[in-house]
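# Structural description and commentary
The residues making up each chain are set out below.
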Amino acid sequence: MDKSRLQELICASRTDRRAFNRHLASLGLASVAVPLAPRMVRAAGEMTYFTWAGYEIPELHPAYIEEYGGSPEVAFFADEEEALIKLRQGYDADVVHPCNTVVQRWYEAGVIKQLDTSRLQYWDNLIPALRDVPGTTADGKPIFVANDWGSHSIAYRTDVIDPDYAREKSWELLLDENYAGRLSMWDSVDAAVAFAAMILGIRDTTSVTDDQVAQMKDVLLRQKALLRSYWSVETDGEAMMASGEVVASYFWSGPILRLQDAGVPVEYMLDPKGGIISWACGLVMAANGGGDEEAAYDFINAWNSPEAGKFLIEVYGYGHANVLTYDIVEPTILDAMGLSGDIAGYLSDSLPWQSWPPETLQRYVTMYDEVKLAE
């Protein structure tokens, strides 16, 4: 398959995995999932990797293949809720690939366990903001190892938006009454909370007061009054930007590259005031995995290696958690992706998507539903 076509598919947002999986299937690339039934015994060196389709390819764990002569057994999930259900039902995967927002809930459900950092080869080389991402420890010990990350920010049409926004990049663009009826927003409670928190300067969304939630609601109601529409599928957001129906929207970087390639005058705010909104995905150890634990740690280390990270950045278009990776990627590629310079500082200034306690999640869901239903 043409490398540029693979990059086009995989640069689709991590938050639109179902669409990405459909793209793979349309090209005959989706692997057949391993039957989700427990196995009683497995040979030394065997383990199962439970992940999204497209993240099992050999180039993302070359050191593991060198050590064991091949890739581990692989099974796929369509989304993290499905993965949690199957793990609760007893599927004995060894290493699983969720994003940081769910790991606390997974740990409380008893399906993943604490990690031994002495067995993590690159632990000290992880970008601090990713190694210490909120909600990924239990009793002071890590339960998650970040490996891939990305940003959310604002996409805007440079031929329409006031040039001041190019000089003084600001999240306030998505509240600017000058563009009433020509703004859009991703229909996501996670995105809504992160956006409102960025506007209000709230850095920790895991513990908020009733007054702060009320302020978030006010911000989102102000925004709703200015929106052309919400969108739930990134291609819909892209189409509105391409047509000029929408001139600014909450977005991520992948679609921006496609729009620019199509000649649409669109830019992405890499450094808005207050920072970007960031997400991180990575690897966890299943609590009841029946495979070789040493092989599982070797697999995690292979995914976190600079060699795997180089491929991830150059082909998938995501950032990698290992700071050493950036030393071996072509500087021109890093410049084009906004990944040159002080990556650790860039991420430390970001607002990460966070893992919310169940009661906090329910408060946000209720608040967002009230915003969506408001006249």
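Residues numbered from 1 in each chain as written. Predicted model: local features only at pLDDT ≥ 70, side-chain atom pairs only at ≥ 80, totals over all residues. Heavy atoms only, no water.

### Brief notes about the overall build of the protein
The condition that has to hold: Each helix is a run of DSSP H or I of at least 4 residues and each strand a run of E of at least 2, with the numbering of both proceeding from the N terminus. To sort residues, take the accessible area from a 1.4 Å probe on protein chains only and compare it with the maximum for the residue type: under 20% means buried, over 50% means exposed, and anything in between is partly exposed. Contact between two residues is taken to exist if any of their heavy atoms lie within 4.5 Å; hydrogens are not considered. Residue-level accessible areas treat just the shown protein chains as cover; the underlying method is Shrake-Rupley with a 1.4 Å probe.
A count of helical and extended segments in the protein gives 16 helices and 14 strands. Looking at the 375 residues of the protein, the share that counts as buried comes to 53%. In the protein, of all internal contacts separated by at least 6 residues, the share reaching a separation of at least 24 is 74%. Summing over all exposed atoms, the protein offers an accessible surface of approximately 15800 Å²; the carbon and sulfur share of this is 49%.

### Details of the pairing of strand E12 (residues 277-286)
Note the following rule: Note: two strands are recorded as paired if DSSP finds a minimum of 2 bridges between them.
Among the 10 residues in E12, 10 count as buried, and that is most of the element. Here two bridges tie strand E4 (residues 112-113) to E12, and the two strands are oriented antiparallel to one another. Residue Lys-113 lies in a different strand from E12, and its bridge partner there is Met-285. In the sheet, E12 pairs with strand E14 (residues 351-352) via two bridges, with the strands oriented parallel.

### Overview of the environment of Asp-210
Condition: The definition of a polar contact used here is a pair of N or O atoms within 3.5 Å, where within protein one atom must be able to donate a hydrogen and the other to accept one, and adjacent residues in sequence count solely through side-chain atom pairs.
For Asp-210, the position within the fold is in helix H9 (residues 210-224). For Asp-210, a relative accessible area of 63% puts it in the exposed group. For Asp-210, the side chain forms a polar contact with the side chain of Arg-363, separated by 2.8 Å.

### As for the confidence of the model for the protein
Any residue range with low pLDDT should be treated as having predicted coordinates unsuitable for detailed reading. Put simply, the rule is: Residue-level confidence of the predictor is what pLDDT reports, using numbers from 0 through 100.
Of all residues in the protein, 88% have pLDDT values of 70 or greater, and the mean over the chain is 87. Segment residues 1-44 is flagged for pLDDT under 50; beyond a separation of four residues in sequence, or across chains, it makes 89 contacts in the model.

### Some words on the state of the cysteines
Spelled out, the test is: Note on terminology: pairs of cysteine sulfur atoms within 2.5 Å are recorded as disulfides.
This model, assessed by the stated rule, comprises one disulfide. Disulfide pairing places Cys-99 opposite Cys-281 at an S-S distance of 1.8 Å. Since a negative S-S torsion denotes a left-handed disulfide, the Cys-99-Cys-281 link at about 70° is right-handed. Residue Cys-99 is located in the loop between strand E3 (95-96) and helix H5 (100-108), and its partner Cys-281 is located in strand E12; the two are separated by 182 residues in the primary sequence. You can call Cys-281 buried: its relative accessible area is 0%.

### Digging into helix H16 (residues 358-373)
Since there are 3.6 residues in each turn of an α-helix, residues three or four apart along the chain are aligned in direction. For clarity, the threshold we go by: Given the number of residues in a helix, its expected span is that number minus one, multiplied by 1.5 Å. Comment: arc refers to directions from the helix axis out to C-beta atoms.
In this model, H16 (16 residues) spans 22 Å end to end at C-alpha, consistent with the 22 Å of a helix rising 1.5 Å per residue. For H16, the full list of buried residues reads Thr-360, Tyr-364, Met-367, Tyr-368 and Val-371. Projected down its long axis, H16 shows its buried positions confined to an angular sector of 95°, all on one face. Facing away from the buried side of H16 by over 90 degrees, the exposed positions are Glu-359 and Leu-373. Taken together, the buried residues of H16 touch strand E8 (183-186), helix H8 (189-200), H9 and strand E9 (227-231).

### Thoughts on the side chain of Thr-360
Among the structural elements, Thr-360 can be located in helix H16. Thr-360 gets classed as buried once you look at its relative accessible area, which sits at 5%.

### Notes on the environment of Gln-104
Position of Gln-104 relative to the elements: it lies in helix H5. Along the backbone, Gln-104 and Phe-144 are 40 residues apart, and their C-alpha atoms lie at a distance of 9.3 Å. In this structure, Gln-104 is in contact with Gly-135, Thr-136, Thr-137, Ile-143 and Ser-355, ignoring residues within four places of it in sequence.

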